[in-house]
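Okay, here's what each chain looks like letter by letter:
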Amino acid sequence: MVVKVFIASQSGSTAIKKKQQDVLGFLEANKIDFKEMDIAANEDNRKWMRENVPGEKRPQNGIPLPPQIFNDELYCGDYDSFFNAKEDHGVYAFLGLAPPPGSKEAHQAAIIQNGEVPESDKGDLGNEQHLHIAAEDQPEENIEMLHNHFEQPTDLNEKEEAEPVTEDEEEQPVTEEEDEEEPVTEEAEALTEQKQV
């Protein structure tokens, strides 16, 4: 199967040029075989593309604009569909291709197909997936504990909101007993001397 990307080499629209370049660049970077089909230089390509974009996928004016992506005769989608698939790590499924082993998309496909995560991949999961895996064979009382464990914030730099200090909780002067346990600041030392006088 060959991925066909219908483009317009002579487009006056910078938006279309950027979208075409995004699709082509992604395919090249990921070493996905594709064929550029120029609708500006070849009238047959233009007719074929316009005839084979499904009616529900056509814009309001009825003329689909490039880039349009096909896998042989099968319509994959336009740029917006491609972009969404790319954001969701689903480009290979979008293109109707098998994802390369070890990719995020292959990992997701294995989960969908088998309903479980291979042991080798469990280290790279997010908290929600770890929680689901850990809870599979647990008695009901342990599941709440797992939720609490995996829902703790992972950012150690997060600071809890400081509670306001009331008059009763204001810093008290250091006594002699506390003097032995904690270092005394100059301010606290002055307060202690005033009490003794």
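Now for a look at the structure at hand. (Residues numbered from 1 in each chain as written. Predicted model: local features only at pLDDT ≥ 70, side-chain atom pairs only at ≥ 80, totals over all residues. Heavy atoms only, no water.)

What about the nonpolar core?
Stage number 1. By size, the foremost hydrophobic cluster in this structure holds 17 residues, and its most contacted members are Leu 27, Ile 69, Phe 82 and Leu 95.
Stage number 2. Put simply, the parts of the chain that give this core at least two residues each are β1 (3–7), α1 (14–29), α3 (79–87) and α4 (91–95).
Stage number 3. Once residues lying within four places of it in the same chain are set aside, the contact partners of Ile 69 are Val 3, Lys 4, Val 23, Tyr 75, Cys 76, Gly 77, Asp 78, Phe 82, Phe 94 and Leu 95.
Stage number 4. Counting eight residues, the second-largest nonpolar core is a separate cluster that includes Phe 6, Ala 8, Met 37 and Phe 70. (Core = buried A, V, L, I, M, F, W, Y, C linked by side-chain atoms within 4.5 Å. Buried < 20%, exposed > 50% of the residue type's maximum accessible area, 1.4 Å probe, protein only. Helix = DSSP H or I, 4+ residues; strand = E, 2+ residues; numbered from the N terminus. Contact = heavy atoms within 4.5 Å.)

Focus: the pattern of salt bridges
Stage number 1. The final tally for this structure, using the stated rule, is two salt bridges.
Stage number 2. When the shortest N-O distance is used, the salt bridge between Lys 86 and Asp 22 registers 3.0 Å. Of this pair, Lys 86 sits in helix α3 while Asp 22 is found in helix α1, placing the two residues 64 residues apart along the sequence.
Stage number 3. Given the relative accessible area of 23%, Asp 22 is considered partly exposed.
Stage number 4. Between Arg 46 and Glu 43 there is a salt bridge, with its nearest N and O atoms 3.2 Å apart. In this pair, Arg 46 and Glu 43 are both assigned in helix α2 (residues 43–52), three residues apart and thus about one turn of the helix distant.
Stage number 5. Under the relative-accessibility criterion, Arg 46 is labelled partly exposed at 23%.
Stage number 6. Accessibility expressed as a relative area gives 41% for Glu 43, which makes it partly exposed. (Salt bridge = Lys/Arg side-chain N within 4 Å of Asp/Glu carboxyl O.)

Observations regarding α3
Stage number 1. Considered for burial, the residues of α3 that qualify are Tyr 79, Phe 82 and Ala 85. End-on, the buried residues of α3 take up no more than an arc of 125°, which puts them together on one face.
Stage number 2. Next to the buried residues of α3 lie α1, β3 (68–71), β4 (74–78) and α4.
Stage number 3. Residue Asp 78 occupies the N-cap position of α3, its side-chain oxygen lying 3.3 Å from the main-chain nitrogen of Asp 80. (Arc of directions from axis to C-beta. Polar contact = N/O pair within 3.5 Å; in protein donor to acceptor, adjacent residues only side chain to side chain.)

Quick word on the packing of aromatic side chains
Stage number 1. All told, the structure shown has eight aromatic pairs when counted by the stated rule.
Stage number 2. On the basis of an interplanar angle of 65° and a centroid distance of 4.8 Å, the ring pair of Trp 48 and Phe 70 is categorised as edge-to-face. Note that Trp 48 is positioned in helix α2 and Phe 70 in strand β3, a separation of 22 residues in sequence.
Stage number 3. Members of the aromatic cluster, joined through ring pairs, are Phe 26, Tyr 79, Phe 82, Phe 83 and Phe 94.
Stage number 4. Note that Lys 4 overlies the ring of Trp 48, its terminal NZ or CZ placed 5.1 Å from the centroid. (Phe/Tyr/Trp six-rings, centres within 6.5 Å; stacked < 30°, edge-to-face > 60°. Lys NZ or Arg CZ within 6 Å of the ring centre and 35° of its normal.)

Considerations on the sheet that holds β1
Stage number 1. Taking strand neighbours across the sheet as the criterion, the four strands line up as β2-β1-β3-β4 in an open arrangement whose pairing is mixed. Only two strands of the sheet have a single partner each, and these edge strands are β2 (34–38) and β4. Taking the axes of each pair of neighbouring strands and ignoring which way they run, one obtains an average angle of 25° across the sheet.
Stage number 2. With four bridges connecting them, β3 and β4 associate as antiparallel partners. Counted as the bridge partner of Gln 68 is Asp 78 from β4.
Stage number 3. Across the face of the sheet, α1 comes into contact with β1, β2 and β3 while running at roughly 155° to β1.
Stage number 4. α3 rests against β3 and β4 of the sheet, and its axis sits at about 85° to β4. (Pairing = 2+ DSSP bridges. Axes fitted to C-alpha atoms, helices over the stretch in contact; angles between N-to-C directions.)

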